[in-house]
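So you can see what is in the structure, the chains are spelled out below.
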Amino acid sequence: MGAETEPANSQTFEQTDWLAFAEPVERIPTDPERDRDLEGAGLCLSGGGYRAMLFHAGAVWRLYETGWLGKLDRVSSVSGGSIAAAILAMNWDALSVHDPMEALLLAHFITPVRRLAAVTLDVGASIAGVLLPGTSGNKLAESYARHLFGEKTLQDIPAKPRFIFNATNVQSGVLWRFSKKYNWDWRVGKIPDPDTELAVAVAASSAFPPVLSPLILRYHHGDFEEGTGRDLQAPPYTTRVVLTDGGVYDNLGLETAWKKHKTILVSDGGGKMEAEPKSSARLVGHTYRVIKVIDNQVRSLRKRQLIASYKNKARDGAYWGIRTDIENYELDEHLPCPEDATLVLANTPTRLRRLEPLRQKRLINWGYAVCDAALRKHVDPSLHCPDGFPYPDANL
């Protein structure tokens, strides 16, 4: 989390705005001064494989119904969230977001999401990575193109809302951001108006290690706008870019939305590290487990800082998670979501592996219900509780 900042050696704690220490993102040297001109709304979609993709689809469904989808200025995503975001971006103009019609959402968003969730993508890409190290991410991009995105590029998505697909640059240690306006790593530089294939951007964002990572991009040094990189705008950083899952740096996708908008909506379909009673003592297995512990602590800290920032009014908005107990919203009325059932859904493996139709429907129902509760509690109390789940035959 601290990779995008420089220590303020000339300042004492007392001289520094204490809220900065509670924020869930770090400031970088290219950021403007503290949040004086924040406005508009951003939606952040976390990682979590197909589990997160379907959970977010349910949340998008409720945002669409309530009109909040049409109010968004930015959608920032990582990993599984980037799959859902890219499908949304690719079909945005067909959705009629300011005059919501369920048939349009089903045809142009929910159906493509569910069609992809019926296909296993990670096995082939993983095998490719074993046989030819360094190829798994690019193999995943080929699968996304074949099954969903075709030859669509970042220039085929809308300018507003601004969709940003976040990956992690392994070389620079900071975010690599794919968007219609530019691809950017603040240390390496900007590539304006990129023609990057949408499948490649999503694959880079969802190339979770070790099995689907890395994704390697080749550029010419001259592709980068001169003077836009802080300290690494030179080969090989500008000619061979090595990327991994955006969740390695920021699993909630907060970074690019938090610094721009006053209202931040966060949908979290991320997983939870499970206990391991017989943890390996061998070098590789033990090292991997230790890395997972560190990763779990960083994610937990970021989430706590996010909630604290809502409470101290640094931002408006709401957080909902796949492991949230809906009773915590203390609403008079909400859709029936027993915690034991929702935790079963939350324990769906973080994979790009085929999910059977009933599990798909239930994950969408759960995302829809908890998003509704968070909106009515923290964003718009005038909203009414929906009459039922999108898939009433599935429940949870």
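To be clear, the structure that these remarks concern was listed above.
As the structure is a prediction and not an experimental result, all values here were calculated from the model.

## What to know about the overall build of the protein chain
Of the regular secondary structure elements, the protein chain holds 11 helices and 10 strands. Here the C-alpha radius of gyration of the protein chain, 20 Å, is about what a compact globule of 396 residues would show, namely 21 Å. In terms of its C-alpha atoms, the protein chain occupies a principal-axis envelope of roughly 55 × 55 × 50 Å. Out of the 396 residues in the protein chain, the part that is buried amounts to 54%. Of the contacts made within the protein chain by residues no fewer than 6 positions apart, 75% connect residues no fewer than 24 positions apart. Of the roughly 17,600 Å² of accessible surface on the protein chain, a fraction of 52% belongs to carbon and sulfur atoms. Side-chain charges in the protein chain split into 46 positive and 48 negative, and the spacing between the mean points of these groups amounts to 5 Å.

## Details of the packing of helix α2 (residues 80–90) against helix α5 (residues 136–149)
Their axes nearest at 13 Å, the elements α2 and α5 cross at an angle of 45°. When the interaxial angle is binned, α2 and α5 end up oblique. For the pair α2 and α5, the crossing hand works out as right-handed. On α5, the residues touching Ile-83, Ala-86, Ile-87 and Met-90 of α2 are Tyr-144, Leu-148 and Phe-149. Split by residue class, the contact of α2 with α5 holds seven nonpolar, no polar and no charged.

## With respect to the packing of aromatic side chains
Applying the stated criterion to the full structure yields 10 aromatic pairs. An angle of 80° between the planes, with centres 6.3 Å apart, marks the rings of Trp-176 and Phe-224 as edge-to-face. Separated by 48 residues along the polypeptide, Trp-176 in strand β4 (residues 175–178) and Phe-224 in the loop between β7 (215–218) and β8 (240–245) bring together distant segments of the chain. The same class applies to Trp-176 and to Phe-224, which are both buried. One aromatic cluster is present, built from ring pairs that chain together Trp-176, Phe-178, Tyr-219 and Phe-224. One cation-aromatic arrangement involves Lys-71 over Trp-68; the distance from NZ or CZ to the ring centre is 4.4 Å. Residue placement shows Lys-190 over the ring face of Trp-184; its charged tip is 5.1 Å from the ring centre.

## Some remarks on the side chain of Asp-245
Structurally, the position occupied by Asp-245 is in strand β8. Using a relative accessible area of 4% as the deciding quantity, one classes Asp-245 as buried. A polar atom in the side chain of Asp-245 sits 2.7 Å from the side chain of Ser-79. With residues near it in sequence (within four places) discarded, Asp-245 still touches Ser-79, Ala-167, Thr-168, Ala-204, Ser-205, Ser-206, Ala-207, Phe-208 and Pro-209.

## Here we look at helix α4 (residues 122–131)
When we look at burial in α4, the residues that qualify are Asp-122, Ala-125, Ser-126, Ala-128 and Gly-129. Looking straight down α4, one finds its buried side chains confined to an arc of 160°; they lie on one side. In α4, the exposed residues that point more than 90 degrees away from the buried face are Val-130 and Leu-131. Of the surrounding secondary structure, the elements contacted by the buried residues of α4 are α5.

## Quick word on helix α6 (residues 198–205)
Within α6, eight of the eight residues are buried, which leaves it mostly tucked inside the rest of the structure. By the burial criterion, the buried members of α6 are Leu-198, Ala-199, Val-200, Ala-201, Val-202, Ala-203, Ala-204 and Ser-205.

About the cut-offs
- Residues numbered from 1 in each chain as written.
- Predicted model: local features only at pLDDT ≥ 70, side-chain atom pairs only at ≥ 80, totals over all residues.
- Heavy atoms only, no water.
- Helix = DSSP H or I, 4+ residues; strand = E, 2+ residues; numbered from the N terminus.
- Rg over C-alpha atoms; globule rule 2.2 N^0.38 Å.
- Buried < 20%, exposed > 50% of the residue type's maximum accessible area, 1.4 Å probe, protein only.
- Contact = heavy atoms within 4.5 Å.
- Areas by Shrake-Rupley, 256 points an atom, 1.4 Å probe, with all protein chains shown as cover.
- Lys, Arg positive; Asp, Glu negative; His and termini not counted.
- Charge placed at Lys NZ, Arg CZ, Asp CG, Glu CD.
- Axes fitted to C-alpha atoms, helices over the stretch in contact; angles between N-to-C directions.
- Parallel < 35°, antiparallel > 145°, perpendicular 65-115°, else oblique.
- Left-handed = near helix turned anticlockwise from the far one by under 90°.
- Nonpolar A, V, L, I, M, F, W, Y, C, P; charged D, E, K, R; others polar.
- Phe/Tyr/Trp six-rings, centres within 6.5 Å; stacked < 30°, edge-to-face > 60°.
- Lys NZ or Arg CZ within 6 Å of the ring centre and 35° of its normal.
- Polar contact = N/O pair within 3.5 Å; in protein donor to acceptor, adjacent residues only side chain to side chain.
- Arc of directions from axis to C-beta.

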